[in-house]
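Fold and geometry: a report
Listed here are the chains, written in short residue letters.
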Amino acid sequence: MSKTAVIILAGGRGTRMQSDKSKQFIEVKGRPIIYYTLKRFEENKDIDKIILVLPEDEVAYCRENVLEKYELRVDTIVTGGAERQDSVYNGLKAAEGYDIVLIHDGARPFVSDRIIEEGVKYAEEYGAAAPGVMPKDTIKVKNDENFSVSTPDRSSLVAVQTPQCFKYDIIKDCHDKIRENHIKVTDDTMAIENYGNKVYLFDGEYTNLKITTPEDLVMAEYLADSL
Ligand SMILES: Nc1ccn([C@@H]2O[C@H](COP(=O)(O)OP(=O)(O)OP(=O)(O)O)[C@@H](O)[C@H]2O)c(=O)n1
Ligand SMILES: C[C@](O)(CO)[C@H](O)COP(=O)(O)O
């Protein structure tokens, strides 16, 4: 059985949330968003190590007001970096020695056990896997003058989510390379693709939303109610 670690990314500031509090600590139904995310993985039998990435100046706050208050299990806390990929890199160093690593946005608190379990399975089988959903809207490609230039076939598009799941050696090698070559990525599958590896895309869920802007909190309240 593979040894599996999850890196839960909560090292950002949530600027698009337009809140005076980092969005991972905004409360939904009386509990901080990161509480729900940690709980999902704490309760999952496939996860052997939980690594939490936090801004350096919010580690003490999180320990006292989340981890200790709600008696949540986190095996290692590491500090985040300037960009998401830098936070990932710090997390990967803490996952050394594990066979499979899941990289998950802390801002996606309602990930299902099914996604976690399938992610581990497909990472073992294909080396790299990510959940995703078909966009609900028609997607356009635009030019610099904001005119539409093409409309990709929606059935060939995937709005990719997290946890993005990998054989540790593959993702660590790719992150080493993008770091050396100063390549910017917005998710971890881009790092994989950049070096010619394939990513298996499996069914995500529309409820696995990334809480990003204020209106996402409305859905979060609804989803927290349905737990
Ligand atoms: N330097 C960073 C940036 C982001 N993240 C994490 O990556 C996840 C997805 O990023 P995003 O939703 O963009 O969060 P923020 O970067 O905090 O939001 P914003 O872009 O609005 O500032 C979040 O859980 C965030 O905490 C991180 O760990 N380290
Ligand atoms: C990783 C991700 O959630 C996949 O959809 C997304 O790329 C994160 O983007 P963000 O701008 O850092 O929130």
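None of these values were measured; they are calculated from a predicted model.

Here we come to the pattern of salt bridges. One pass over the structure, following the stated rule, counts 15 salt bridges. Between Lys29 and Glu221 there is a salt bridge, with its nearest N and O atoms 3.6 Å apart. You can see Lys29 sitting in the loop between strand 2 (27-28) and strand 3 (31-32) and its partner Glu221 sitting in helix 7 (residues 216-225), a full 192 residues away along the chain. Judged by its relative accessible area of 30%, Glu221 falls in the partly exposed class. The shortest N-O distance in the salt bridge between Arg73 and Asp75 comes to 2.9 Å. For Arg73, a relative accessible area of 29% puts it in the partly exposed group. The class for Asp75 is partly exposed, based on a relative accessible area of 40%. Counted as one network, the salt bridges with shared partners bring together Arg84, Asp105, Arg108 and Asp188.

On to the packing of aromatic side chains, then. Taken as a whole and judged by the stated rule, the model has eight aromatic pairs. Considering the side-chain rings of Tyr36 and Phe110, the 5.8 Å spacing of their centres and the 50° angle between planes classify their relative orientation as tilted. Here Tyr36, found in helix 1 (residues 33-42), pairs with Phe110, found in the loop between strand 6 (100-105) and helix 4 (113-126); they are 74 residues apart in sequence, far enough to count as distant. Classification of Phe110 as buried rests on a relative accessible area of 6%. The cationic tip of Lys136 hangs over the ring face of Tyr206; the distance from NZ or CZ to the ring centre is 4.2 Å.

Reading the values: the criteria
- Residues numbered from 1 in each chain as written.
- Chains lettered and ligands numbered in written order.
- Predicted model: local features only at pLDDT ≥ 70, side-chain atom pairs only at ≥ 80, totals over all residues.
- Heavy atoms only, no water.
- Salt bridge = Lys/Arg side-chain N within 4 Å of Asp/Glu carboxyl O.
- Helix = DSSP H or I, 4+ residues; strand = E, 2+ residues; numbered from the N terminus.
- Buried < 20%, exposed > 50% of the residue type's maximum accessible area, 1.4 Å probe, protein only.
- Phe/Tyr/Trp six-rings, centres within 6.5 Å; stacked < 30°, edge-to-face > 60°.
- Lys NZ or Arg CZ within 6 Å of the ring centre and 35° of its normal.

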